[in-house]
Amino acid sequence: MITNPDGPFINVSRLNLSKYAQKPELAKALFEYIFHHENDVKNALDLAALATEHAQFKDWWWKVQIGKCFYRLGLYREAEKQFKSALKQQDMVDTILYLAKVYLRLDQPVTALNLFKQGLERFPGEVTLICGIARIYEEMNDISSAAEYYKEVLKQDNTHVEAIACIGSNRFYSDQPEIALRFYRRLLQMGVYNYQLFNNLGLCCFYAQQYDMTLTSFERALFLAENEEERADVWYNLGHVAVGIGDLNLAYQCFKLTLVNNNDYAEAYNNLAVLEMQKGHIEQARALLQTASYLAPHMYEPHFNFAILSEKVGDFQRSYMAAQKSEEAFPGHIDTQQLIKQLKERFAML
């Protein structure tokens, strides 16, 4: 135990793990101390291996702990074997969740989905399993299926914060800000009090034309933001509100403040470039768009705006190259397709 006031509670390196592995009750408490408090995965794994051997490989709990150690060490296939073996001995929701995490790290979302659905057959109505399915669908960009499963979560637990927030977000992006506002107000009534909620409330109030609450919500969001990245998100959304009411000077200042808080905010660079284009500052706009496309090559907007800018100044070759990049990022963008068609016609005339 304690050898000096500043020393560790237990000196793990001096323990005889094989001795403690033979005492099941003590071994479990010691494992949790080593694994969770000391974060010493190697010694925790050694203890778990000795203990499961002493239990003649019949204790499912130790198999789960070995699986957790393998997961932390990045040995996902070994972890999968341990969790599967534990499930054969004792069917537990926690073990299903750990096994699903392994499949997600192995980039096998469909296998994880099937596992959750099999788990729901054995544990009908289990909120964590339904929520796991919804998260996977959301990551796979199947938003409608995710929303349906989040609704199922709310049928079982109508105070589930994640489900309420995700359905609210889905309603907002489905052009139903008034309904989204109900969900976010429900979270407020439940005592959720953070910058994300007030940020979303501000956007919903603006798009639902409840202007009296918009700026108040964003002010509260700025007050609750804990770091510069969070403040950058709030200023960026305020910039959109300013564009919406036609105050382009305020929008310009908001996007500038976004970059003060987060210098890698590609969307703010893109929007600033559009404002510079409207002012006729071609070179500044071009530099901002190049920065935005460098920071976020997956975004089509900087490439498309760069193509439009180059076409206006008569640089058709650069415009065509940027338009192709925009089409790669978003093949279904009609304006990009029309621009490429116009440029091809111009090239044919030369």
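The residue numbers shown here count from 1 along each chain, following its written sequence. Reporting of local features is limited, given that this is a predicted model, to residues whose pLDDT is at least 70; pairs of side-chain atoms are given and counted only at 80 or more, and all residues count toward the totals for whole chains, interfaces and linings. Computation of side-chain values: all heavy atoms of the structure, hydrogens and water removed.

Student: Sorry if this is basic, but what is going on with the state of the cysteines here?
Tutor: Put plainly, two cysteines are in a disulfide when a covalent bond ties their sulfur atoms together. The disulfide criterion is simple: two cysteine sulfur atoms within 2.5 Å. Evaluated as defined, the whole model comprises zero disulfides. Free cysteine Cys204: the closest other cysteine sulfur is in Cys205, separated by 7.0 Å.

Student: Would you mind showing me how to read the packing of aromatic side chains here?
Tutor: Working definition: an aromatic ring pair is given by the centre-to-centre distance plus the angle between the planes. Pairing of aromatic rings covers Phe, Tyr and Trp, the last counted by its six-membered ring, and requires centre-to-centre distances within 6.5 Å; plane angles under 30 degrees mean stacked, over 60 mean edge-to-face, and any other angle means tilted. On inspection of all chains with the given rule, the structure shows 16 aromatic pairs. Centroid distance Phe31 to Phe35: 5.5 Å. Interplanar angle 10 degrees. Geometry classified as stacked. You can see Phe31 and its partner Phe35 sitting in helix H2 (residues 24-37), four residues apart, about one turn around the helix. Neither Phe31 nor Phe35 differs from the other in exposure class; each is buried. Here Trp61 and Trp62 contribute two aromatic rings whose centre-to-centre distance is 4.9 Å and whose plane-to-plane angle is 85 degrees, an arrangement assigned as edge-to-face. Each member of the pair, Trp61 as well as Trp62, is classed as buried. Three or more aromatic residues link up through ring pairs in this structure, and these residues are Phe172, Tyr173, Phe206, Tyr207 and Tyr211. Whether a charge sits over a ring depends on NZ of Lys or CZ of Arg being within 6 Å of the ring centre and within 35 degrees of the ring normal. Lying across the ring of Phe35, Arg72 places its NZ or CZ 4.7 Å from the centre. A cation over an aromatic ring shows up here: Lys279 above the ring of Tyr252, its NZ or CZ 3.8 Å from the ring centre. Runs of E in the DSSP output that reach at least two residues are strands. Runs of H or I that reach at least four are helices, and both are numbered from the N terminus. Note on classification: 1.4 Å probe, protein chains only; a residue is buried when its accessible area is under 20% of the maximum for its type, exposed when over 50%, partly exposed between these limits.

Student: Would you mind going over the packing of helix H11 (residues 177-189) against helix H12 (residues 195-207) with me for this structure?
Tutor: Two measures define how a pair of helices packs: the angle their axes make with one another and the distance between the axes. For helices, the axis comes from a line fit to the C-alpha atoms of the stretch in contact; other axes are also lines fit to C-alpha atoms, and the angle between any two N-to-C directions lies between 0 and 180 degrees. Following both chains from N to C, one finds H11 and H12 inclined at 150 degrees, their axes separated by 9 Å at the closest point. On the basis of their axis angle, the class for H11 and H12 is roughly antiparallel. H11 and H12 meet at a crossing whose hand is left-handed. Contact residues: Pro177, Ala180, Leu181, Tyr184, Arg185, Leu187 and Leu188 in H11; Leu197, Phe198, Asn200, Leu201, Cys204, Cys205 and Tyr207 in H12. By the definition adopted for this analysis, an angle is roughly parallel if under 35 degrees, roughly antiparallel if over 145, roughly perpendicular if from 65 to 115, and oblique otherwise. Handedness of a helix crossing follows the sense of rotation of the near helix relative to the far helix, less than a right angle counterclockwise being left-handed and clockwise being right-handed. Only heavy atoms matter for contacts: two residues are in contact if any of them lie within 4.5 Å across the pair.

Student: Looking at this model, I keep getting lost on helix H6 (residues 93-105). Mind explaining?
Tutor: One full turn of an α-helix is made of 3.6 residues, so residues set three or four places apart face in the same direction. Expected helix span is taken as 1.5 Å per residue step, with the number of steps being one fewer than the number of residues. Between the first and last C-alpha of H6 there are 19 Å, a value that for 13 residues agrees with the 18 Å anticipated at 1.5 Å per step. Close packing links the buried residues of H6 with helix H4 (60-72), helix H5 (76-89), helix H7 (109-122) and helix H8 (127-139).

Student: Please explain the confidence of the model for the protein as it appears in this structure.
Tutor: Low pLDDT marks regions whose predicted coordinates should not be analysed in detail. Looking at the protein as a whole, the pLDDT averages 92, with 98% of positions reaching at least 70. Per residue, pLDDT captures the predictor's confidence, and it can take any value from 0 to 100. Averaged pLDDT values for the elements of the protein fall to 81 in helix H1 (residues 17-21) and rise to 96 in H6.

Student: For this particular structure, what's the right way to read H8?
Tutor: For H8, built from 13 residues, the straight-helix expectation of 18 Å at 1.5 Å per residue is met to within 8% by its first-to-last C-alpha distance of 18 Å. Regarding H8, the residues found buried are Val127, Leu129, Ile130, Cys131, Gly132, Ile133, Ala134, Ile136 and Tyr137. Its buried side turned inward, H8 meets H6, H7, helix H9 (143-156) and helix H10 (161-173). A positive phi of about 65 degrees marks Asn141, the residue just after H8.

Student: When you look at the packing of helix H16 (residues 266-279) against helix H17 (residues 282-295) in this model, what are you seeing that I'm missing?
Tutor: Where H16 meets H17, the axes come as close as 8 Å, and the angle between the chain directions of the two elements is 160 degrees. In terms of orientation, H16 lies roughly antiparallel with respect to H17. Where H16 crosses over H17, the two elements pack in a sense that is left-handed. For the pair formed by H16 and H17, the contact residues are Ala266, Tyr269, Asn270, Leu272, Ala273, Glu276 and Met277 on the first element and Gln284, Ala285, Leu288, Leu289, Thr291, Ala292 and Leu295 on the second. Think of it as three bins: nonpolar holds Ala, Val, Leu, Ile, Met, Phe, Trp, Tyr, Cys and Pro, charged holds Asp, Glu, Lys and Arg, and polar takes everything else, Gly as well. Classifying every residue of the contact of H16 with H17 gives ten nonpolar, three polar and one charged.

Student: Can you help me understand the nonpolar core in this one?
Tutor: Grouping buried Ala, Val, Leu, Ile, Met, Phe, Trp, Tyr and Cys residues that are joined through side-chain atoms within 4.5 Å yields what is termed a nonpolar core. Judged by nonpolar contacts, the single largest core of 77 residues is most densely connected at Phe31 and Tyr150. What Phe31 contacts, discounting residues up to four positions off in sequence, is Ala44, Leu47, Ala48, Trp61, Trp62, Gln65 and Cys69. If you look at the next biggest cluster of nonpolar residues, it comprises 28 residues, including Ala251, Met277, Ala307 and Tyr320.

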